[in-house]
Amino acid sequence: MIKKSSNVLLEVIDIAKEFDVSKPWLNRVIERQERQILKAVDGVSFTINRGETLSLVGESGCGKSTVARLVCGLYKPSRGSIIFDSVNMADAGADEVQQLRKRFQMIFQDPYASLNPRWRVGKIIAEPLRVHKIATSNADVKQRVDKLLTQVGLSPLDAEKFPHEFSGGQRQRISIARALSSNPEFLVCDEPTSALDVSVQAQILNLMKDLQREFGLTYLFISHNLAVVSHISTRVGVMYLGRLVEVADTKRIFANPQHPYTQMLQSAIPDLKMTGKQRTPVAGEVPNPLTPPTGCAFHPRCPHAFERCKTERPNLIDYEDGGQVACHAVEEKRINIRVAA
Amino acid sequence: MSSTPAVPLLQVKNLRIEFPTRRGNLTAVDDISFDIAAGEVLGVVGESGAGKSLTGAAVIGLLEPPGRIANGEILLAGRRIDNLPFEELRKIRGREIGAIFQDPLTSLNPLYTIGRQIIETIETHLDLTHAQARARAIELLNEVGIPAADRRIDHYPHQFSGGMRQRVVISLALAANPKLIIADEPTTALDVSIQAQIITLIKKLCREHGTAVMLVTHDMGVIAETADRVAVMYAGRIAEIGPVAEVIHSPQHPYTIGLMGAIPSVGDAHERLAQIDGSMPRLSAIPKGCAFNPRCTRVNDVPNHRCTTERPELLPAGKTKAACWLHVSAAAQTDKQAVTA
Amino acid sequence: MTGALTSTVRRFLDSDIWYKFRRDPIVIVATIIGLILILSSAFAPLFAPHSPFDLKTLNLSDAFTPPAWIEAGKAQFLLGTDDQGRDVLSTIMYGSRASLVVGFAAVLLSMVVGITLGLISGYFGGALDAFIMRVADVQLSFPAILIALLISGVARVVIPNSQHDQVAIYVLIFAIAASGWVQYARTVRGSTLVERNKEYVQAARVIGRRPLAIMFAHVLPNVLGPVMVLATLHIGTAIITEATLSYLGVGMPATQPTLGTMIRIGGDFLLSGEWWILWFPGLALVVLVLSINIIGDWLRDALNPKLR
């Protein structure tokens, strides 16, 4: 592993994931239905540099969680490639993949489901240590587990307890300790705080930032909450119906969103400072992903849509400040909302 | 407020909800009192386990056994409703108090068309012929913004999207023109863009119908945009109650202050969020005195260990009411000065 | 280690299930009776007044002695004797031992097979799942007793006559187990389908654990609850099946009495007035199965979160 030349830790090239959601064969024949393919992710590309946090945001069904699971190897991509530290995961042998697994871990959304209820906390945190043979003697394992528990703000005494004895926030700390135990460089966080209360969410977000600074971690952060995303990320990617519509620096994307969907999402954020004022209500809902609109998937809800949007799918094009936008209107400079932040 | 001598629409007095368990009674809601005036939106906010949903359930008489009202009174338009026999209560439910729950899918019976469900509710409570009821149902669906209501009325719940389903639920809650609506996390299961639509809708309808709303949610953003007044609950008690702008912008109780600081917002440049250490106590281990005292940073600012020994009452603090000894001692001091002067 | 043990014991004494148990007199009675029956048969050589296998102590002149409280009864044969002069009480103790061994062993075997197939079926899914579940469906469409009859019938033909008596117990266990695994496989498959998609299983996959390790270390402990209930109820059924097979003459040989063979033998004398030869083994069977079923039913309710 002497390939640490590039600054790019993860590169995702045109990945797609299709799920076959058809009814069983017999039903299809009787009801004369076609096979139904759900394109959960349809051609997504991005890179993550070492030490940064890339967030993917979007509404339910936009495929952001599927991207997280593809990156972690929980799903096999239908096409495209995932390159982790210059190694293409698809070409890597079983041993090499097992080696790579040590270096990336995942934190899940539901702190109540992500810990095995029948295991003691110490055993849960030690699992990666034992699987990857990082520590083998019981004394060594115990010492490491104690240290991890302290790092995430719990007590070494908690190792003897069962998950149900902890609150949601404390469980998420246990999840983080488990994810950190194999000394990974890269963490995929799938909505890690959306099941938590705000005060606990603040604790976890602060902890994640502290750990990132301390260990130089790289995060892929999945969330539907724009405020959380704006707080934690370096760069943000906005997804809509399985595709990335805009990627840019956090500051830029919130100060000066380009894609109409990003603008719409942003105006929908509840703002505490605007007490009593109305949000800009957003028209329409996310279409059924089984039958996505032709052309740009956003066109039925887009105030700037015109003929070309209905037929031709826009690709991500580089925008002046290093960001990328997939929108015909922006490309043709028909919408110009370049306002100083 | 003193200019309205009339009885408030809903009065909750010293409500106490207990869960008998084998380890003694757990007090989930502990001696809370509040009023809602006609046409007013009261937000009830708190973290999970604060007792906010139980309070809502108690008002509408849907407290799940073994939970029970151990003490206190609930009065609707001056009439006591917490001790009514089941049949009487059933008449009030739907007719005088409507309910909107979190999950629009489970609030509707999947086997009946939405029209049948709305018409049934109307016919149960209002003296209308079937044709009149149907006309009213279509009118309601139009009002909540369901396109082609005269056709959609004969559709089943699964034929609607999440946002549309929540609209149907709202029309169901409004069917008999109730005076009060209990909305328990009405937007939590929805995407941000849909949330904004639903909030706008609830607000508009309540204003037009003069309906009072008790809006139970954990989302301060929703409260900020919808509520007139807000009650902040912690560990089964009201920590602070007051006009929404005051509570958000100049909170008085240390818990509310911490809660407001913990909410990330877009564009705030802080590296770390303010966090409240620790977690909400379990019902079986609520601390003596002020329930918040183990997490409070200002315990030592109150003399005589009052915070750990004596429970504070809700008393005026700034422009809100807070249950905190900090403000009580301040008030007492001013009282003393008044006496000496 | 002792610390972990005492903490486990303390956790049990503090658990809801122990609390509920203490509050349910019917289950307590059933458990006590069940334990008495099981212990007295497990340690039959210690408790039984006679040994039905010891030919020296058997005396044909003692045959058909009625129970002790009837005029012609003898104090040494509390529940009377059978046609060969064997003490009925002792034979019940030894006989329920064989019944229990067959019951427990058959349940254990079908559990192991059923759980394994259910885990594989639920975790891997696809064609393997379809195949296992169709086999289960076919099996389920025959009554259990019929399958057991078939297997012991086939075994009788395949295995030479001289060995019938030695292998009878194994054939019986296998026959009962073969008809019982389907329930376990289905239950475990269902729970596995649920558990497989839970995030702790996905976390284990991300960590890099292999499928078999995930199945047994993570999924198995979480699907065992309903299986234990099923197993308790199944023990009752297995004992009845054993008794039925033995009654029909395809189970245990007469030289190794079980409750079933005793009932069969007793049946021959019911009409001639020696009712005790049938009644007492029958009563023992009913009480044993009933207490096991009561415990199983209670366990199902106690473990069901919806009924709490």
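Just so we're clear, the structure is a prediction, and the values are computed from it rather than from any experiment.

About the thresholds
- Residues numbered from 1 in each chain as written.
- Chains lettered and ligands numbered in written order.
- Predicted model: local features only at pLDDT ≥ 70, side-chain atom pairs only at ≥ 80, totals over all residues.
- Heavy atoms only, no water.
- Helix = DSSP H or I, 4+ residues; strand = E, 2+ residues; numbered from the N terminus.
- Rg over C-alpha atoms; globule rule 2.2 N^0.38 Å.
- Buried < 20%, exposed > 50% of the residue type's maximum accessible area, 1.4 Å probe, protein only.
- Contact = heavy atoms within 4.5 Å.
- Expected span 1.5 Å × (residues − 1).
- Buried area = accessible area lost by both parts, 1.4 Å probe.
- Salt bridge = Lys/Arg side-chain N within 4 Å of Asp/Glu carboxyl O.
- Polar contact = N/O pair within 3.5 Å; in protein donor to acceptor, adjacent residues only side chain to side chain.
- Nonpolar A, V, L, I, M, F, W, Y, C, P; charged D, E, K, R; others polar.
- Pairing = 2+ DSSP bridges.
- Axes fitted to C-alpha atoms, helices over the stretch in contact; angles between N-to-C directions.
- Domains from an automatic or database assignment.
- 1 Å grid on protein atoms, 1.4 Å probe; cavity = no way out; pocket = protein on both sides within 12 Å on 5 of 7 lines; lining within 4 Å.
- Points joined across faces, edges and corners; volume = space filled by probe spheres on them.
- Phe/Tyr/Trp six-rings, centres within 6.5 Å; stacked < 30°, edge-to-face > 60°.
- Lys, Arg positive; Asp, Glu negative; His and termini not counted.
- Arc of directions from axis to C-beta.

Right, let's talk about the overall build of chain A for a bit. Along its length, chain A carries twelve helices and twelve strands. Whereas a compact globule of 341 residues would reach a radius of gyration of roughly 20 Å, chain A reaches 22 Å, a difference of no more than 12%. In terms of principal-axis extent, the alpha carbons of chain A reach across some 70 × 55 × 45 Å. The proportion of buried residues among the 341 residues of chain A is 56%. Excluding contacts between residues fewer than 6 apart, the proportion of contacts in chain A whose partners are at least 24 apart in sequence is 67%.

This brings us to helix α3 (residues 25–42) of chain C. Residue and element names in this part refer to chain C. Spanning 18 residues, α3 covers 25 Å between terminal C-alpha atoms, matching the ideal 26 Å at 1.5 Å per step. Among the residues of α3, those classed as buried are Val27, Ala30, Thr31, Gly34, Ser40 and Ser41. Looking at the packing, one finds that the buried side of α3 touches α2 (16–22), α4 (44–47), α5 (88–124) and α12 (276–303).

So, on to the interface of chain B and chain A. Counting residues at the interface gives 45 residues for chain B, matched by 44 residues for chain A. Summing both sides of the interface, chain B and chain A together bury roughly 3,600 Å²; the carbon and sulfur share of this comes to 50%. When the buried area of chain B at its contact with chain A is split by residue, B:Val192, B:Glu225 and B:Val266 rank highest and sum to 17% of it. Counting across the interface, chain B meets chain A through one salt bridge. Here A:Asp210 and B:Arg272 are joined by a salt bridge, their closest N and O atoms 2.7 Å apart. Run the count over chain B and chain A and you get eight residue pairs in polar contact (both at pLDDT 80 or more). Looking at which element gives the most residues to the side of chain B that touches chain A, the answer is helix α8 (residues 192–209) of chain B, with nine residues. Residue composition of the side of chain B that touches chain A, by class: 19 nonpolar, 16 polar and ten charged.

All names here are of chain B. The strand order across the open sheet formed by eight strands is β6-β7-β8-β3-β9-β10-β12-β11, and the pairing between neighbours is mixed. Bordering the open sheet on either side are β6 (97–100) and β11 (315–317), each of which pairs with just one other strand. Pairwise comparison of adjacent strand axes, ignoring direction, gives a mean angle of 20° for this sheet. The sheet strands contacting helix α1 (residues 52–60) are β3 (41–46), β6, β7 (180–184), β8 (212–217) and β9 (229–234), and the helix crosses β8 at an angle near 145°.

All names here are of chain B. As defined by bridge partners, strand β1 (residues 10–21) adjoins strand β2 (residues 24–36) across nine bridges and the pair is classed as antiparallel. Looking at the pairing, Gln11 lines up with Asp35 of β2. Remark: two residues form the turn of the hairpin made by β1 and β2, two consecutive strands paired antiparallel.

Mapped onto the elements of the fold, C:Arg300 is located in helix α12. Each residue touching C:Arg300, except ones within four places of it in the same chain, is listed here: C:Val229 and C:Leu233.

Moving on, we get to the interface of chain C and chain A. On the chain A side, the residues contacting the 19 residues of chain C number 27 residues. The largest contributions to the chain C side of the interface with chain A come from C:Glu199, C:Val206 and C:Ile207, which together make up 38% of the buried area. The tally of links from chain C across to chain A stands at one salt bridge. Salt-bridge contacts for C:Arg209 lead to A:Glu127; the nearest nitrogen and oxygen are separated by 3.0 Å. Summed over the shared surface of chain C and chain A, the number is 13 residue pairs in polar contact (both at pLDDT 80 or more). At the level of elements, α1 (2–13), α9 (199–207) and α10 (211–247) of chain C are the ones that each hand at least two residues to the side of chain C that touches chain A. Per element, the largest residue contribution to the side of chain C that touches chain A is eight residues, and it comes from α9(C). Looking at side-chain class alone, the side of chain C that touches chain A contains seven nonpolar, six polar and six charged residues.

Before going further, it helps to spend a moment on the domain arrangement of chain B. Residues and elements named next belong to chain B. When the domains of chain B are assigned, the result is domain 1 (1–96 + 178–249), domain 2 (108–176) and domain 3 (292–341). Taking only C-alpha atoms into account, the centre of domain 1 sits 26 Å from that of domain 3. With 13 residues of domain 1 at the contact, the number on the domain 3 side is nine residues. At the boundary of domain 1 with domain 3, the tally comes to one salt bridge. The partner of Asp30 in a salt bridge is Arg311, with the nearest N and O atoms 3.3 Å apart. Secondary structure elements with two or more residues in the side of domain 1 that touches domain 3: β2, β10 (237–243) and α10 (244–249). Considering every element that reaches the side of domain 1 that touches domain 3, the biggest residue donor is β10, with seven residues.

It is the rolling of a water-molecule-sized probe over the atoms that shows where space remains empty. Tallied over the full model, the rule gives eleven cavities of 30 Å³ or more. Here the largest cavity defines a volume of roughly 100 Å³. What lines the largest cavity is A:Tyr240, A:Arg243, A:Leu244, A:Val245, A:His259, A:Gly295, A:Cys296, A:Ala297, A:Phe298, A:Arg313, A:Pro314 and A:Ala326. In terms of residue count, strand β10 (residues 243–249) of chain A provides more of the lining of the largest cavity than any other element does, three residues in total. Residues of the lining of the largest cavity, tallied by class, amount to eight nonpolar, two polar and two charged. Taken as a whole, the second largest cavity spans an internal volume of roughly 80 Å³. Taken together, 14 residues make up the lining of the second largest cavity; nearest its centre are B:Pro254, B:Cys290, B:Cys296, B:Cys307 and B:Cys324. Considering only residue class, the lining of the second largest cavity consists of eleven nonpolar, two polar and one charged.

A few words now on the packing of aromatic side chains. Scanning the entire structure with this criterion turns up 15 aromatic pairs over all chains. Residues A:Phe19 and A:Tyr75 carry aromatic rings whose centres are separated by 5.2 Å and whose planes lie at 80° to one another, so their mutual orientation is edge-to-face. On the criterion of sequence distance, the pair formed by A:Phe19 in strand β1 (residues 8–20) and A:Tyr75 in the loop between α2 (64–71) and β4 (79–84) is long-range, its members being 56 residues apart. When its relative accessible area of 28% is taken as the criterion, A:Tyr75 is described as partly exposed. Measuring from ring centre to ring centre gives 6.3 Å for C:Trp275 and C:Trp279, while their planes differ by 85°; the resulting arrangement is edge-to-face.

With that settled, the discussion passes to the side chain of A:Arg173. In this fold, A:Arg173 is placed in helix α6 (residues 168–180). Buried and unpaired, A:Arg173 has B:Asp277 as its nearest opposite-charge partner, separated by 6.0 Å. In contact with A:Arg173, not counting residues within four places along its chain, are A:Val152, A:Gly153, A:Leu154, A:Gln203, A:Ile204 and A:Leu207.

Our focus in this paragraph is helix α5 (residues 138–151) of chain A. All names here are of chain A. For α5, which comprises 14 residues, the first-to-last C-alpha distance of 20 Å matches the rise-based estimate of 20 Å (1.5 Å per residue) to within 8%. Buried within α5 are the following residues: Val141, Val145, Asp146, Leu148 and Leu149. The buried side chains of α5 occupy one side of the element, clustering within an arc of 165° when seen end-on. What points out from α5, more than 90 degrees from its buried face, is the exposed set Ala139, Gln143 and Lys147.

Within this structure, the stated rule accounts for 42 salt bridges over all chains. A salt bridge links A:Asp146 to A:Lys142, with the shortest nitrogen-to-oxygen separation between them at 2.9 Å. Placement of both A:Asp146 and A:Lys142 in helix α5 is noted, with a separation of four residues, approximately one turn of the helix. By relative accessible area, which is 18% here, A:Asp146 ends up buried. Each of B:Arg16, B:Glu18, B:Asp30, B:Arg68, B:Arg237 and B:Arg311 takes part in a single network of salt bridges with overlapping partners.

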